[in-house]
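# Summary of structural features
Read off the chains here:
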Amino acid sequence: MKRSIRLRTAATVLVMTAGLLALPVQAQAATADGTSLAQAETLLDKFQAEAVPASSPAAQLQKRLAEDQDTADAIDPSAYQCTTSTPVRDWLAASRSDWTRSDQNDADLFLQVVLLDSVLYPDAHSKQFGAQGEFTKVVNRTFGDLGRFWDIDASRIDVVAMHPDVLLDPAGVQRVFQEAFGVPEEAAKKLGEAVATIADQDKFDHGQHPYFTFNAFAMDGLDLTDRTIPPEIIMGDGVLEGYKAVGLDDVAPASILAHEYGHHVQYQRDLFETDLTGPEASRRTELMADSFAGYYLTHVRGAHYKWDRVRDFQKVFFQLGDCSFAAASHHGTPNQRLHAAQYGFTLAELAFPRGQVMPTVEFAAKFEKVLPQMVAPDA
Ligand SMILES: [Zn+2]
């Protein structure tokens, strides 16, 4: 098994698009400390080809997050209308259209480093959400609101910002390689320098490229040998930036947070249990999280969005749909995600008495009943 933690998980709100253009490799430049890009690349290639120790936090996290390999239980793609060309995905694709295959491999490792850094060392991160802290207020307000809205224990959940700053900090990267991947100190030090060297290029926005944090996810608590990581919601800068670029920043932070909070409802209520397998299982939990979000965003006791913002939050979920019908992290097609968000909206509109919030367990039972209809073939 190659050394990697896949982020396209049942727990993530997003699936990265894989579209990649094959372009000529750029000339190798030497950096100030004499580590050439070529040397740095060689080091990273070697690392990526090796196996990660089963006892490392990285391996534990990988077990915790759903696996991303293609499975034998693929859903029939010809049964569905599907496109991965949506405004926010197109924006992300355009931002990395100059990357080579090798750049893409590096970027995929970088985003694992950034994620592990956020998950394992949350205290090292500012509590500012968005690259400039521009979403801090809305994230904090929405989290407080969600805690009052749903009948689970919010006090155990930590909301953490995912910034990419660690990439240009060789010591920070070294710590991730040592503690998360189990790499010996000297080798980890060299890898830290290699990552900082490679990340500090124009094509990677000098370590600030939105791809590295184009993600959000929910994780249940994690027991490490020396400490315990609390249940977390991770909010990446990049995905918030992407939605700002396509004009949906008014609703995206609350929508994404409400979806991730829905996963914590699933953790606390044991709602991941299902007879479904592979992509069908993942699609079920993801669409359920979209429905939880749609209900909260619409409900008079929740965010209580008016019609124009309802339309916009539905776009947020539509644009995150994917066509990865064989992946164990399939989140549902754009149409299915739209329908899931609309289902939550409908339940909130029909709520009676109007101010009453449905218990989470009852909500999930209703969702199970409509799921077959929600995922019925539409091609
Ligand atoms: Zn999700």
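See above for the structure.
I will try to describe carefully the structure that is included in this document.

A count of helices and strands for the protein chain gives 13 helices and five strands. Residue burial in the protein chain is summarised as follows: out of 379 residues, 49% are buried.

The next thing to look at is the nonpolar core. Membership of the largest hydrophobic core comes to 96 residues, with the highest contact counts inside it found for Phe-110, Val-113, Leu-167, Val-195 and Met-235. Looking at which element gives the most residues to this core, the answer is helix H4 (residues 101-120), with nine residues. Apart from residues lying up to four places away in sequence, Met-235 is in contact with Phe-129, Val-139, Val-159, Ala-161, Met-162, Ala-216, Ile-256 and Leu-257.

What follows is about the sheet that holds strand E5 (residues 232-236). One open sheet holds the three strands; their spatial order is E1-E5-E2, and the pairing between them is mixed. The outermost strands of the open sheet, each flanked by one partner alone, are strand E1 (158-162) and strand E2 (216-219). The mean inter-strand angle of the sheet, taken between neighbouring strand axes irrespective of direction, is 20 degrees. The sheet contact formed by E2 and E5 spans four bridges and is antiparallel. Of the residues in E5, the one forming a bridge with Ala-218 is Ile-233. Running over the sheet, helix H9 (residues 252-268) touches E2 and E5 and is turned about 20 degrees from E2.

What follows deals with the environment of Met-374. Mapping Met-374 onto the fold places it in helix H13 (residues 360-374). Sequence separation between Met-374 and Leu-287 is 87 residues; the distance between their C-alpha atoms is 8.9 Å. Not counting chain neighbours up to four residues away, the residues in contact with Met-374 comprise Leu-287, Gln-336, His-339, Ala-340 and Tyr-343.

Parameters and conventions
Residues numbered from 1 in each chain as written. Predicted model: local features only at pLDDT ≥ 70, side-chain atom pairs only at ≥ 80, totals over all residues. Helix = DSSP H or I, 4+ residues; strand = E, 2+ residues; numbered from the N terminus. Buried ≥ 20, exposed ≤ 12 C-beta atoms within 10 Å, placed from the backbone. Core = buried A, V, L, I, M, F, W, Y, C linked by C-beta atoms within 7 Å. Contact = placed C-beta atoms within 7 Å. Pairing = 2+ DSSP bridges. Axes fitted to C-alpha atoms, helices over the stretch in contact; angles between N-to-C directions.

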